[in-house]
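Understanding the architecture of this molecule
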Amino acid sequence: MKQGRRGSKKHGSGAAALWLLLPLLVLIVLKTNLLPQFARYSMVGSPPSAASTSTHGVTSNVDATKALAAPPIISSKLTCNFSNHQSNTCSMEGDLRIHGKSATVYVVSASTYRPENATIKLRPYARKWEDQVMLLVREVTMRSSPPAGSAAADDPPPPPQCSVRHDVPAVVFSTGGYNRNFFHVMTDVIIPLYLTAREYNGHVQLLATDYEPKWIAKYKAILAALSSYPVIDLDSEPEDTVRCFPSAHVGLESHKELGIVPGLSHKGYTMVSFRDFIRSAYSLQRPRVSAGRKKPRLVMILRRNSRQLKNEDDAIAAAANVGFEVVAAGPDDVSDLERFPGVVNSCDVLMGVHGAGLANMLFLPHNATVVQIIPWGELKWACRHSYGDPVPDMGLRYLEYEATAEETSLKDSYPRDHAVFTDPLSIHRQGFDKMWNIFINGQHVIVDIDRFTGFMKQLYQSITTE
């Protein structure tokens, strides 16, 4: 019994000694860097290549010794969504290497690589249902790849090594497509860019395929508000340049024409928040319409090709006689994004015949009014879809003036008993091209001044009596 108690006492003393030594053991682990070494060898996927210290989110491979300070990548993941009607997108994180010359993103991971799903291709432009325009957009390849040294004999060649390392996410998009049409630029590129990149608060690198310098220069204020770094021309990258990122998006999130569906935005973005962002990007000073303005200001968008307002001088005079201060804006004015956003923001009303210029409503102050003049030809639904339906979500008001058969130049080209006048929908049923050539690109509007004046009086009354 005594012997047993002595043994028990000795065992207890040893355990107590171990507990006393535990803090010393932890200190030894930390001092000798054993813990990071263990983490480095237990990670899944390929470690980052050698790189030096980062400057403005970018690191070049000039100092291999400092690569050890880079945080280890735990795994690489690639997730794609091809079910969205507007756009195809892929998101990835981990060991990502972008080779611009071949438009290839290498997703390097031993754990996720499968030969049967090793290659995914998409065109990073948010209008995927229009086959012809998508052919104008360069295809980007996502290639799942095992790390160097772990590939089997039948696996593809190992991924290229990093030559430049970025410590911010990447977003790959295209400036191709309908890049000269302001409505499409906003719908297909700028709003999707906002949905995809805004959450990073500028700490994101934009990379553009189909890089158009004039486009980049024109929208520089918006691009600078989205990213603190210059947009990279992906197509012109040198053959030996491989950029590495911790995460990336290829393709842009998109919901609908000139709009955002808050329930689909994982950050809860809205068109009101987008317009706040636009107002900040262009330093617009007027957040909302002032109540009771005695001489409301109206900007009239004037077209010079199809759908001209042929008696525009009379229409402007009618608006002025009612009490509006009218600003006439031709194509040169509208295309000047250094000046025109401020002009629109100073106005209470934006008016124009159906067309891309109406998308400048994005610059209006809150509670301003958009007036769309709808040409003849049963076009109300299509015109409302593009420039009427998006208006309420922007915090704006919408009115429309629909041209009659007496207010179209088509009366000079077709007899009054022609289907163009008696049954416009029968023209629609003959196909999109037929409808487009006649009712969209084939007519101008000549407003009835007496009718138009009555409409403008009602508009003036609604604005000044609020």
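Residues numbered from 1 in each chain as written. Predicted model: local features only at pLDDT ≥ 70, side-chain atom pairs only at ≥ 80, totals over all residues. Heavy atoms only, no water.

An unreviewed UniProt entry annotates the chain as Glycosyltransferase 61 catalytic domain-containing protein originating from Sorghum bicolor. The record held by UniProt for the chain lists under Subcellular location (unreviewed entry) the comment "Golgi apparatus membrane". (UniProt positions renumbered as here; feature names shortened; annotations may be inferred.)

1. Focus: helix α7 (residues 271–281)
Where α7 is concerned, the buried positions are M271, F274, R275, F277, I278, R279 and A281. Contacts from the buried residues of α7 go to α4 (182–197), α6 (220–226) and α10 (340–345). Where α7 begins, the side chain of T270 points an oxygen toward the backbone nitrogen of V272, at a separation of 3.3 Å. Note on α7: the residue one or two positions beyond its end, S283, has a positive phi of about 50 degrees. (Buried < 20%, exposed > 50% of the residue type's maximum accessible area, 1.4 Å probe, protein only. Helix = DSSP H or I, 4+ residues; strand = E, 2+ residues; numbered from the N terminus. Contact = heavy atoms within 4.5 Å. Polar contact = N/O pair within 3.5 Å; in protein donor to acceptor, adjacent residues only side chain to side chain.)

2. Structural notes on the state of the cysteines
In the structure shown here, the tally under the stated rule is two disulfides. Disulfide pairing places C80 opposite C90 at an S-S distance of 1.9 Å. Residues C80 and C90 share a disulfide whose torsion about the S-S bond is about 105 degrees; that sign makes it right-handed. With C80 in strand β2 (residues 77–81) and C90 in strand β3 (residues 89–99), this pair connects stretches of sequence that are 10 residues apart. The partly exposed category is assigned to C80, whose relative accessible area is 29%. Between C162 and C244 runs a disulfide, and the two sulfur atoms are separated by 1.8 Å. Linking C162 and C244, the disulfide has an S-S dihedral of approximately -95 degrees and is accordingly described as left-handed. Of this pair, C162 sits in the loop between β6 (140–145) and β7 (164–166) while C244 sits in strand β11 (residues 242–250), placing them 82 residues apart in sequence. The burial state of C162 is the same as that of C244; both residues are buried. When the bonded cysteines of the chain are numbered from the N-terminus onward, they pair as 1-2, 3-4. (Disulfide = S-S within 2.5 Å.)

3. Comments concerning the pairing of β6
By the criterion of burial, β6 is predominantly enclosed, with five of the six residues buried. As paired strands, strand β4 (residues 104–108) and β6 are joined by five bridges and run parallel to one another. If you follow V108 over to β6, its bridge partner there is S145. (Pairing = 2+ DSSP bridges.)

4. Describing the sheet that holds strand β13 (residues 325–329)
Strand order in this open sheet of five strands is β13-β12-β14-β15-β16, and the pairing throughout is parallel. The open sheet is flanked by β13 and β16 (397–402), the only strands paired with a single partner. Between one strand axis and the next, the sheet turns through 20 degrees on average, direction left out of account. As defined by bridge partners, strand β15 (residues 369–374) adjoins β16 across six bridges and the pair is classed as parallel. Note that in β16 the partner of V370 across the bridge is Y398. (Axes fitted to C-alpha atoms, helices over the stretch in contact; angles between N-to-C directions.)

5. Looking at the environment of V391
If you trace the backbone, V391 turns up in the loop between α11 (380–387) and β16. Note: C-alpha distance between V391 and L258 (133 residues apart in sequence) is 9.1 Å.

6. Topic: helix α14 (residues 432–440)
Residue pairs three or four apart in sequence face the same way in an α-helix, which turns once every 3.6 residues. Those residues of α14 not exposed but buried are M435, I438, F439 and I440. Mapping the buried residues of α14 onto a view down its axis gives an arc of 155 degrees, with all of them on the same face. When the buried face of α14 is taken as reference, the exposed residues oriented beyond 90 degrees from it are D433 and N437. Turning to α14, the residues buried within the fold contact α12 (419–422) and α13 (424–428). (Arc of directions from axis to C-beta.)

7. Things to note about the side chain of R97
Among the structural elements, R97 can be located in strand β3. Residue class for R97 comes out buried when judged on its relative accessible area of 2%. One polar contact links the side chain of R97 to the main-chain carbonyl oxygen of P160, over a distance of 2.9 Å.

8. So, the packing of helix α8 (residues 312–322) against helix α15 (residues 449–464)
As a packed pair, α8 and α15 sit with axes 9 Å apart at the nearest point and diverge in direction by 40 degrees. By the criterion of interaxial angle, the relationship of α8 to α15 is oblique. In the packing of α8 onto α15, the handedness of the crossing is right-handed. From α8, D314, A315, A318, A319 and V322 reach across to α15, where they touch I449, F452, T453, M456, K457 and Y460. Along the lines of polarity and charge, the residues of the contact of α8 with α15 split into eight nonpolar, one polar and two charged. (Parallel < 35°, antiparallel > 145°, perpendicular 65-115°, else oblique. Left-handed = near helix turned anticlockwise from the far one by under 90°. Nonpolar A, V, L, I, M, F, W, Y, C, P; charged D, E, K, R; others polar.)

9. Structural notes on the pattern of salt bridges
One side chain can pair with another of opposite charge once the charged atoms of both are near each other. What the rule picks out here adds up to 19 salt bridges. Ionic pairing is found between E130 and R127, a salt bridge with its closest N-O pair at 2.9 Å. In this structure, D393 and K256 form a salt bridge, with 3.4 Å as the shortest nitrogen-oxygen distance. Taken together, the residues D393 in the loop between α11 and β16 and K256 in the loop between β11 and α7 connect sequence positions 137 residues apart. On the basis of relative accessible area, K256 is assigned to the partly exposed category, the value being 32%. Each member of the salt-bridge network shares a partner with another, and the members are R127, E130, D188 and E257. (Salt bridge = Lys/Arg side-chain N within 4 Å of Asp/Glu carboxyl O.)

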